[in-house]
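Commentary on secondary and tertiary structure
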Amino acid sequence: MSRANEHHVEEGGRLDEPCARRREEISEAIRRAGGLNSNPVAYSAEEDRLWSTMVSRLNAIHPRIASSRYLQAKDRLPLPATHTPGIDDVGRRLNSSTGFRLLPVDGLTRVGDFYGRFADDVFSTALFLRCPSRPHYSPEPDMLHELVGHVVMLSDPLFADLYRLFGEATNNATSAQELQAISQVFWFTMETGLVQEDGRTKAYGAALLSSSGELAKIDACPVEKFSIQKMIEAEYDISTYQGKLFAAQSVNEMASEVRSFLTGA
């Protein structure tokens, strides 16, 4: 089951006991707190070390492989590299940038709810961190994925508008087939999208930019010319590194094609 079909899904294998127990503690804290931009979780020293290690590693990789729009967004919404950030602080700064708000969620989020909330400027976010035993790639969208990947890009007005359009299209979808097509396009753009810049292929997708393991393998992944139809028809597997990516000639080309698809224009 993919992130594009069901958000916040566990990997096929079982979590180790400490990870499973910590996730349940975080879920319970979210259930008790409720509300947008609330900060119900106090992170441990071990979690801070994991966050710091992975964010520092990604910060070292991004200048080479991240798109200029992403690097500009990182400057607009900087995340701390020394400790796990509070969701309330990040949420306030994001809201000041583009009007989006953060909604902590305590478990599985149906695709219709996850995408549909974008239309109301709401991004549903996990607050757990990936297990320390597998830090470089997380098939389930953890807090690193959510903040380093999605939330940074949501501070860019162009991308915030695209997320809103994904939400509106989801809410207007009249069949499972339409919803699946929207999910496929979201995966190959907002999650794993690439763009050509200065003769090089750069990443803007959240799943790529939040995974040091994925970025290390990206040069070996087949890259196809941007095509909405091929995205809708493509198969993919989130339990391992990607087997196919799509690259647009520019962010403006990608945005124009995605807008046309989502609005039917």
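Residues numbered from 1 in each chain as written. Predicted model: local features only at pLDDT ≥ 70, side-chain atom pairs only at ≥ 80, totals over all residues. Heavy atoms only, no water.

1. Section: the overall build of the protein
As a reminder of what qualifies: Under the scheme used here, helices are H or I runs from DSSP no shorter than 4 residues and strands are E runs no shorter than 2 residues, and both carry numbers assigned from the N terminus. The reference for a compact globule is 2.2 Å times residues^0.38; the radius of gyration itself is calculated from the C-alpha atoms. Note on exposure labels: buried denotes an accessible area under 20% of the residue type's maximum, exposed denotes more than 50%, and partly exposed covers the range between, all computed with a 1.4 Å probe on protein chains only. In this analysis, two residues are considered to be in contact whenever any of their non-hydrogen atoms come within 4.5 Å of each other. Using a 1.4 Å probe, the Shrake-Rupley method yields the accessible areas, and only the shown protein chains count as cover for residues. The charge count includes Lys and Arg as positive and Asp and Glu as negative, but it does not include His or the ends of the chains. A charged residue contributes its charge at one atom only: NZ of Lys, CZ of Arg, CG of Asp or CD of Glu.
Within the protein, the secondary structure is distributed over 12 helices and 8 strands. Relative to the globule expectation of 18 Å for 265 residues, the C-alpha radius of gyration of the protein, 17 Å, shows essentially globular dimensions. For the protein, with 265 residues in total, the buried portion stands at 55%. Restricting to contacts in the protein with at least 6 residues of sequence separation, those with at least 24 account for 69%. As displayed, the protein has an accessible area near 11,200 Å², and 47% of this comes from carbon and sulfur atoms. Distance from the positive charge centre (28 side chains) to the negative charge centre (36 side chains) of the protein: 4 Å.

2. Considerations on the packing of helix 2 (residues 45–65) against helix 3 (residues 68–76)
Filter applied, for reference: Orientation is described by lines fitted to C-alpha atoms, with helices fitted over the stretch in contact, and by angles between N-to-C directions that extend from 0 to 180 degrees. Any angle between 65 and 115 degrees counts as roughly perpendicular, while under 35 counts as roughly parallel, over 145 as roughly antiparallel, and the rest as oblique. Two helices cross in a left-handed way if the nearer one is turned anticlockwise from the farther one by less than a right angle. They cross in a right-handed way if the turn is clockwise. Any residue outside Ala, Val, Leu, Ile, Met, Phe, Trp, Tyr, Cys, Pro, Asp, Glu, Lys and Arg is labelled polar, Gly included; the first ten of those are nonpolar and the last four are charged.
Viewed as axis vectors pointing N to C, helix 2 and helix 3 meet at an angle of 140°, and their least axial separation amounts to 9 Å. Taken together, the axes of helix 2 and helix 3 are oblique relative to one another. The chirality of how helix 2 crosses helix 3 is left-handed. Where helix 2 abuts helix 3, its residues Asn 59, His 62 and Pro 63 lie against Tyr 70, Leu 71 and Lys 74. Taken together, the residues of the contact of helix 2 with helix 3 break down into 3 nonpolar, 2 polar and 1 charged.

3. A closer look at the state of the cysteines
How we decide: To count as a disulfide, a pair of cysteine sulfur atoms needs to be within 2.5 Å.
This model, assessed by the stated rule, comprises 1 disulfide. Here Cys 19 pairs with Cys 131 through a disulfide, and the sulfurs are 2.3 Å apart. Separated by 112 residues along the polypeptide, Cys 19 in helix 1 (residues 17–33) and Cys 131 in the loop between strand 4 (122–125) and helix 6 (143–154) bring together distant segments of the chain.

4. Observations concerning the side chain of Asp 142
With respect to the secondary-structure elements, Asp 142 resides in the loop between strand 4 and helix 6. Those residues in contact with Asp 142 that sit more than four places away from it in its chain are Ala 126, Phe 128, Leu 129 and Arg 130.

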